[in-house]
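Listed here are the chains, written in short residue letters.
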Amino acid sequence: MTSETTSDLPTTFDPADIEARWYEHWETSGLFRPERPSAEPFTIVNPPPNVTGSLHIGHALDNTLQDIVVRHERLKGKDALWVVGVDHAGIATQMVVERQMAERGEKRTDYSREQFVEKVWEWKEQSGGTITRQLRRLGCSMDWSREQFTMDPHFSKAVTRTFVQLYNDGLIYRDKRLVNWDPALKTAISDLEVETRDVQGHFWRFRYPLADGTTLDHPDFAGQDYIEVATTRPETMLADMAVAVHPSDERYRSVVGKHIVLPITGRRIPIVADEHADPELGSGAVKITPGHDFNDFEVGKRAGIAPADMLNMLDADAAVVQTADGKVPNELVGLDRFEARKRVVAMLKDSSHLVLHVTENDGERIEHEAEPRTIATPFGDRGGVVIEPWLTDQWYVDAQKLAKAPIEAVREGDVEIVPKSWEKTFFNWMENIQPWCVSRQLWWGHRIPAWYGSNGEVFVAETEEEAYELARHSGASRNPEGGAELDPGLRRGDEIKLSRDPDVLDTWFSSALWPFATLGWPEGPTPNPSLQEKERDLPSDSEASRSEVGASDLLAKHYPNDLLISGFDILFFWDARMMMMGRHLTGENPWKRLYLHGLVRAADGSKMSKSKGNVVDPLGLIDRYGADALRFFMAAMESQGRDIKMDESRVEGYRNFATKLWNATRFCQSQGISASDTIAAPPARLAANQWIVGEVAKTVNALDKALAELRFDAAANLVYHFAWDRFCDWYLELIKPVFAGEADSPAAIETRAVAGWALDQILVMLHPFMPFITEELWAKQGAMTGKSRADYPIITAKWPDPQASVNDEAVAAIDWVIALTTATRAARNELGISPGAKLAAFIPNPSAVAAQVFERSSAAIERLARLTPVTIGEAPEGPAMQVTAGEDVVVIPLEGVVDIAAEKARLEKALAASRKEAKSLEGRLGNPKFVEKAKPEAVEKARADHAHHSAEADRLEAALARLG
RNA sequence: GGGCGUAUAGCUCAGUGGUAGAGCACUGUGUUGACAUCGCAGGGGUCGGAAGUUCAACUCUUCCUACGCCCA
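Bear in mind the structure is a predicted one, so any value in this text is a computation, not a measurement. (Residues numbered from 1 in each chain as written. Chains lettered and ligands numbered in written order. Predicted model: local features only at pLDDT ≥ 70, side-chain atom pairs only at ≥ 80, totals over all residues. Heavy atoms only, no water.)

Caption draft 1: Focus on the pattern of salt bridges. Scanning the entire structure with this criterion turns up 57 salt bridges. Taking the shortest distance from any N to any O, the salt bridge between Glu 695 and Lys 698 comes out at 3.1 Å. Of this pair, Glu 695 and Lys 698 are both found in helix α21 (residues 687–708), three residues apart, which corresponds to roughly one turn of the helix. Here Lys 698 falls in the partly exposed class, since its relative accessible area comes to 42%. Note that Asp 713 is salt-bridged to Arg 711, the shortest N-O span being 3.0 Å. Salt bridges sharing common partners tie together Arg 233, Glu 235, Arg 337, Arg 341 and Glu 388. (Salt bridge = Lys/Arg side-chain N within 4 Å of Asp/Glu carboxyl O. Helix = DSSP H or I, 4+ residues; strand = E, 2+ residues; numbered from the N terminus. Buried < 20%, exposed > 50% of the residue type's maximum accessible area, 1.4 Å probe, protein only.)

Caption draft 2: Spotlight on the protein's contact with RNA strand B. In the vicinity of RNA strand B lie 43 residues, with Ser 639, Arg 642, Trp 724, Arg 863 and Lys 933 positioned nearest. Protein-adjacent atoms of RNA strand B, using a 4 Å cutoff, are sugar or phosphate at a proportion of 66%. One of the side-chain N or O atoms of Lys 736 is found 3.1 Å from a base nitrogen in RNA strand B. At 3.0 Å, a side-chain N or O of Asn 829 approaches a base nitrogen of RNA strand B. Of all the secondary structure elements, the ones that give two or more residues to the surface near RNA strand B are α20 (648–670), α22 (712–740), α25 (808–831) and α29 (928–933). Considering every element that reaches the surface near RNA strand B, the biggest residue donor is α20, with ten residues. Taken together, the residues of the surface near RNA strand B sort by class into eleven nonpolar, eleven polar and 21 charged. (Near = heavy atom within 4 Å. Polar contact = N/O pair within 3.5 Å; in protein donor to acceptor, adjacent residues only side chain to side chain. Nonpolar A, V, L, I, M, F, W, Y, C, P; charged D, E, K, R; others polar.)

Caption draft 3: Spatial organisation of the sheet that holds strand β9 (residues 242–245). Taken together, the four strands give an open sheet; going across it, the order is β10-β11-β9-β12, and neighbouring strands pair in mixed fashion. Here the strands that pair on one side only, and so sit at the sheet edges, are β10 (259–261) and β12 (285–288). Each strand of the sheet is rotated relative to its neighbour by a mean of 30°, with strand direction disregarded. Here four bridges tie β9 to β12, and the two strands are oriented antiparallel to one another. When the sheet's bridge partners are listed, Val 245 is paired in β12 with Ala 285. (Pairing = 2+ DSSP bridges. Axes fitted to C-alpha atoms, helices over the stretch in contact; angles between N-to-C directions.)

Caption draft 4: Fine view of unusual backbone geometry. In the segment running from Trp 521 into Pro 522, the intervening peptide bond is cis, with an omega of 0°. The linkage connecting Thr 868 with the following residue, Pro 869, adopts the cis geometry, with an omega of -5°. One non-glycine residue, Asp 362, adopts positive backbone phi at about 55°. You can see Asp 362 is positioned in the loop between β14 (357–361) and β15 (364–368). With a phi close to 50°, Gln 803 is a non-glycine residue in the positive phi region.

Caption draft 5: Structural view of the sheet that holds strand β22 (residues 458–460). The three strands are arranged β22-β21-β25 in an open sheet whose pairing can be described as antiparallel. A single partner strand is all that each edge strand has here, and the edge strands are β22 and β25 (499–500). Of the pairings in the sheet, the one linking strand β21 (residues 450–452) to β22 comprises three bridges and is antiparallel in character. Note on β22: the bridge partner recorded for Tyr 452 is Val 458. Where helix α11 (residues 464–474) meets the sheet, it contacts β21 and β22, and its direction lies at approximately 135° from that of β22. (Contact = heavy atoms within 4.5 Å.)

Caption draft 6: Expanded view of the packing of α20 against helix α24 (residues 771–784). The N-to-C vectors of α20 and α24 enclose an angle of 5°; their axes lie 11 Å apart at closest approach. Judged by the angle between their axes, α20 and α24 are roughly parallel. Judged by residue contacts, Ala 658, Leu 661, Trp 662, Thr 665 and Gln 669 of α20 engage Ile 773, Glu 776, Leu 777, Lys 780, Gln 781 and Met 784 from α24. Class assignment of the residues belonging to the contact of α20 with α24 gives a composition of six nonpolar, three polar and two charged. (Parallel < 35°, antiparallel > 145°, perpendicular 65-115°, else oblique.)

Caption draft 7: Up close: the domain arrangement of chain A. Splitting chain A by domain gives domain 1 (197–378), domain 2 (648–803) and domain 3 (810–963). With centres defined by C-alpha atoms, the gap from domain 1 to domain 3 works out at 86 Å. (Domains from an automatic or database assignment.)

Caption draft 8: Looking closely at the packing of helix α19 (residues 627–637) against α24. Interaxial distance between α19 and α24 falls to 7 Å at its minimum, and their mutual angle equals 125°. The angle between α19 and α24 places the two elements in the oblique class. Here Ala 627, Asp 628 and Arg 631 of α19 lie close against α24, whose contacting residues are Pro 771, Phe 772 and Ile 773. Among the residues forming the contact of α19 with α24, the class breakdown is four nonpolar, no polar and two charged.

Caption draft 9: View of helix α27 (residues 858–865). Inspection of α27 places Ala 860, Ile 861, Leu 864 and Ala 865 among the buried residues, and these make up the whole buried set. The buried residues of α27 occupy one face: seen down the axis, they fall within an arc of 100°. Contacts made by the buried residues of α27 are with α22, α25, α26 (848–856) and β32 (867–872). Once α27 finishes, Arg 866 follows within two positions and takes phi at roughly 60°, a positive value. (Arc of directions from axis to C-beta.)

Caption draft 10: Structural detail: the UniProt feature "domain: Aminoacyl-tRNA synthetase class Ia" (unreviewed entry) in chain A. Summarizing the sequence annotation, UniProt attributes the feature "domain: Aminoacyl-tRNA synthetase class Ia" (unreviewed entry) to residues 22–524 and 555–647 in the numbering used throughout. Secondary structure across residues 555–647 divides into 42% helix and 19% strand, with the first and last C-alpha atoms of the span separated by 41 Å. (UniProt positions renumbered as here; feature names shortened; annotations may be inferred.)

Caption draft 11: Highlighting the packing of aromatic side chains. Under the definition given, this model contains 35 aromatic pairs. Where Phe 632 meets Tyr 654, the ring centres are 4.9 Å apart and the plane angle is 50°; that geometry is what we call tilted. With Phe 632 in helix α19 and Tyr 654 in helix α20, this residue pair connects regions lying 22 residues apart in the sequence. In this arrangement the basic side chain of Lys 124 is found over the ring face of Phe 149, its NZ or CZ atom lying 4.1 Å from the centre. When the ring centre of Phe 203 is taken as reference, the NZ or CZ atom of Arg 373 above it lies at 3.5 Å. (Phe/Tyr/Trp six-rings, centres within 6.5 Å; stacked < 30°, edge-to-face > 60°. Lys NZ or Arg CZ within 6 Å of the ring centre and 35° of its normal.)

Caption draft 12: Local environment of the environment of Met 142. Position of Met 142 among the secondary structure elements: in the loop between α5 (130–137) and β4 (148–149). A relative accessible area of 0% places Met 142 in the buried class. With 237 residues separating them in the primary sequence, Met 142 and Phe 379 have C-alpha atoms 36 Å apart. Other than its neighbours up to four places away in sequence, Met 142 contacts Phe 32, Asn 46, Asn 63, Trp 82, Val 84 and Leu 135.

Caption draft 13: Examining the environment of Lys 838 more closely. Topologically, Lys 838 is positioned in the loop between α25 and β31 (839–843). A sequence separation of 27 residues divides Lys 838 from Ala 865, and the C-alpha atoms of the two residues are 8.4 Å apart.

Caption draft 14: Region of the structure containing helix α18 (residues 618–625). Taking burial as the measure, the eight residues of α18 include six buried ones, the bulk of the element. Here α18 has its buried residues at Pro 618, Leu 619, Gly 620, Leu 621, Ile 622 and Tyr 625. Looking at the buried positions of α18, the neighbouring elements they touch are α1 (15–28), α2 (57–75), α5, α19 and α20. The backbone nitrogen of Leu 619 lies 3.0 Å from a side-chain oxygen of the residue at the head of α18, namely Asp 617. Of the residues one or two after α18, Gly 626 is the one with positive phi, at around 95°.

Caption draft 15: Summary view of the nonpolar core. Core analysis: the biggest nonpolar cluster contains 150 residues, and Phe 632, Trp 691, Phe 727, Tyr 731 and Phe 769 have the highest contact counts within it. It is α22 that provides the largest number of residues to this core, a total of 15 residues. Counting residues domain by domain, this core receives three or more from each of domain 2 (648–803) and domain 3 (810–963). Other than its neighbours up to four places away in sequence, Phe 769 contacts Ile 68, Asp 628, Arg 631, Phe 632, Ala 635, Leu 703, Leu 707, Phe 712, Ala 715, Ala 716 and Val 719. Within the second largest apolar cluster, 60 residues are counted, among which are Leu 166, Trp 422, Met 430 and Phe 573. (Core = buried A, V, L, I, M, F, W, Y, C linked by side-chain atoms within 4.5 Å.)

Structure representation (C-alpha cells):
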C-alpha cells in the first residue's frame, strides 16, 4: 500500500487478482444478462466449441471479438444476449472415450451401445467443462445461466424434429452412393471433412487383354490385342467393371462395345465410350471401378450400371472382400488395401500384364514397376488415414435445394457477409453444393429417427410409437413368423417388427440449428404450463399450430440473431448450414450479419499446429500479460480480411497500456479527481477542459462508427490513442498547473469534475476491450467519492453521450500550446539545451490565439514548454533560439548558451523543408489543368497549404536574418 | 487448372485518388511528487515490379513476380 498519495491503488496492478475477482462477481450477480425486458434485443450465439476442446488462440480471437460487440451493445442499453454452449462433437468425443478405454485394455464393443453412451456422458460430466472454464478467464460475458449442449433433451428434440420435417419435405433421403469412408473410424464423413494432401505415389500401367480375339485396327496399334490402362491404385482392378475411352478417340473407336478379360479375376468387362476418358492422358483408356472411385461411379452409371450392381471389394476396414461375382482369388481376400496393392502388382508382373517404366541413367536402362508420381490423396481430418470411396447406404440432405434461399439472402443483402470479399467464395460453394451425407456410423450422437420394416420399408418419425403408427397405416409388410430373427432388444408392435437405424447424425447437422434451437425452437424453454397441456392434445402432425403455441418469448425476441462471428474456416461447415436450416425451418435468416475473421498464425506466419510445436497457449499469455492485454491485442490486430500473426511484443505493449491507464488513474486520485455523476459533460470554461470534452465527443463518435462497421482494429486504436496521447500525454499535463493553486478554486473544481468525467468516459469506451482493469478502476473511482459504485458497475454502465460539441476556440488554443511545446522541446533537444531549464521568451506580434493563450494558459506554457516569463514585445538583441507555433514566432534569448551556428543550421533545415513543400504546392497550383479539373476542395486545400508553408518559410527567413 | 487474398519503415501491421502512419525495435536524452511496464526528441520507407487511366496513383485498371489459402 502506498502512502504517497491519497489513492489506495497500488503502484502496479496485478491482472490475475483483478480478473478472478471481477469475473466471479459479474457471473454470480447475473450481470452478463441483466433484466431488461423492454430493451431492444441484441443477440449473438457463440460458435459452440467441441466438448472435448480446450481453449486455443483461435477461440481467444473469436470470443474476444464477440465479447467486444456484446459488451458494447450491453453498455448501449440493449438486452444483449450471448448464447453459449458446447457441441457434442460425435467423432472427436467418441475417439476420446475409446482411447481411454484402450488404455484400460477395453474396446467400445465390449459394451452395449447404451452402456457406451453412458460412459461418454460420464466422461462429459467429469472432463467436458474445460473450455467453458477457460472462456471465463478470457473475460467473456456470455449468458452461462442458459448454457447449452447439443445433446440436451430439448436440443435433441429439435434435431429429431428437424430430421423428420426435412424427410417429410423430401429434403432428406436414403441413397446408395459412394461416400468418403474413414477406415480408421469406420464411419462415413462429409466431403468437408476430407483433407486432400499431396503424397508421393506411383503410376502403374497394365495390359488389359481384348476378349474374343479382337485387335485394335488403328495404325498406331495395328494388331495389338490388348489395351493399356494406367492407375495409381492397382488393387481396385479387382473390382473393375469397364474400360472407358473417349468417344472421339480414333484409336479405340473400333473396339467400343467389345470386351476385355481382366487379368487375375478373369472378369469379362465392356469397353465403353465416355467423355471422362482423356485422350491426352496416358494411353487414353482408363479402367473403371464404379464402386471405388467417384469419377468411375458416374461413368458406371452412364454406362448403365445401377449402384446396387456395382462391385465392392473392400470391407469397413478397407481390407479386400470377395466381390459379388466371386471372382477375386482367395489368396487376396482379407488382405489390407495396401498389402493387396503389392500383391496385385506382383501378380500382374508375373503374368506379364505389367508395363514396366523404363528410365535411363548414364546410358543404362533401368526398369521400374511404376512411374513415381505426386498424387492428391484424400485423408480423413480426424482419423488421419487415407479415405476410401465406398459404396454404402447413407442418409443425405438435399443441400442443393436448401442452398437456394441462403444464396438469395446474401445476394439481396438480407444477410451481409463481412468482409464482403467472402461472398464470392460463399456463392461458389453454395452454387456447386453436393448432397450432404449426414449419417455417421457412431454410437455417440443423435440417433437417426428412422425405423425399418422387415422388407426394408422406411418409417421416419419422432418416436418409435409414431413409427409403428406410420407402419400400421402404411400397410407395411407383416412378419408372420413373429420376428424370431429380430434382435432381442427390438420392440415389437402387433405383428409388425421395426428396427431402428443404428447410425447417428453428423454433428454439424445439429449445430446448424444452434441459432434457434438454443432459444427454445421448436418449443419454448418456459412455455405457459396450460399451453403445454393443450399442446399434448394436438395431433403430432400439426406442425404449424405446435410451433405457434410453443414459440417462446426468448425465441421471438432473440431470433433472428443480429450477428454471427466465426472463423472463415467454418463458413461451409457451419455458417452456411445454419443459413440453410434457419431458412427452411424458421423461414428466417439466422442472423443479419456474418463476420468472418482469419486465423491466428505463429510469429513466423506458419499455421499453428501441435505437430509443429508452435502453438501459443492463450492462457499462458493471460498469465504473463493479463487477459485485458491479450484481448486488446486481438482487437487491435483484427483488420478485415487478414490473418493475425502472433506478436508477443505487441501483447506486452498493450499490457503497458493498461499500466499507463492504471497510473493515470492513480494520478487523478492523488488530485482528488473522482467518479463523475453525469452522462453529459460537466460545464467547462477552461480551454483545456473544453478541449478534452470535445475530444471525448469526437472519439465516441468515431468509436461507434468503427464498431458499427466491425472495424475492431480501428476501434481499439481510437481508444488507445485517445487515452494515451490525448488524455495522458496532453490533458493531464495541461491541467497539472491548476492543481498547483487553490484546491477549491472554481478552476480546480471545474477541472476535477471534467477530468473525472473524461476518465470515466475512457473507462467505459475501453471496457469492451479491457473489461477487467476498467471495472477495477471504475470501482476505485467510485470509492473516491465515498459513494460506492457497487450498484453501478461499469459492465452495465451507460455508454458515453457527452451532449457537448467541439469548441473551436478551445481547440485552436490547445493546438497552439501543443505546437509551441513540441517546437520548443525539439529546439532544445537539437541545441543540447537542458529540457528542464526554464527560459524567458519574447513574442513580438502575437496572433489572436497566442494572445489568448498567454492570458488564459500561461501556467501551461510554463510547465510544458518550460518558458517563463513570456513577454509580449521585442526580444533584446543577442543570440537567441527561435521557434514557430502556428503563425507566431517565439524568440528565446540564450545569451552565452546557444550555439549560433547550430541554431542557424536548425532553422535552415526547417526552412528548406518549408520551401520544398511550398514549391511543390506552387507547382501544382501553377498547373492550369489542376486548378481547372481538380475538386474545388482540393484546390482550396492546396492554396491554404501553400499559404501556410510560404508564410512559415518567411518566418524562418526572418528568424535567420535576426541571427545575422 | 479455377477462385480468393496478401506484398507499405528492421519486425508486426493500419491507411486514403491530393504526396505516408501506429506499435515494437533503434538513436539521443531525462525537467515538473501518476507512470522507467515511463517521459521528451529523433533517424528510418523509390508504399513488390512494369505499363495504363487521371491535372494528380501507395490508392483505380491490366500484366508480371513472390508468398498464403480454398476448390478441382
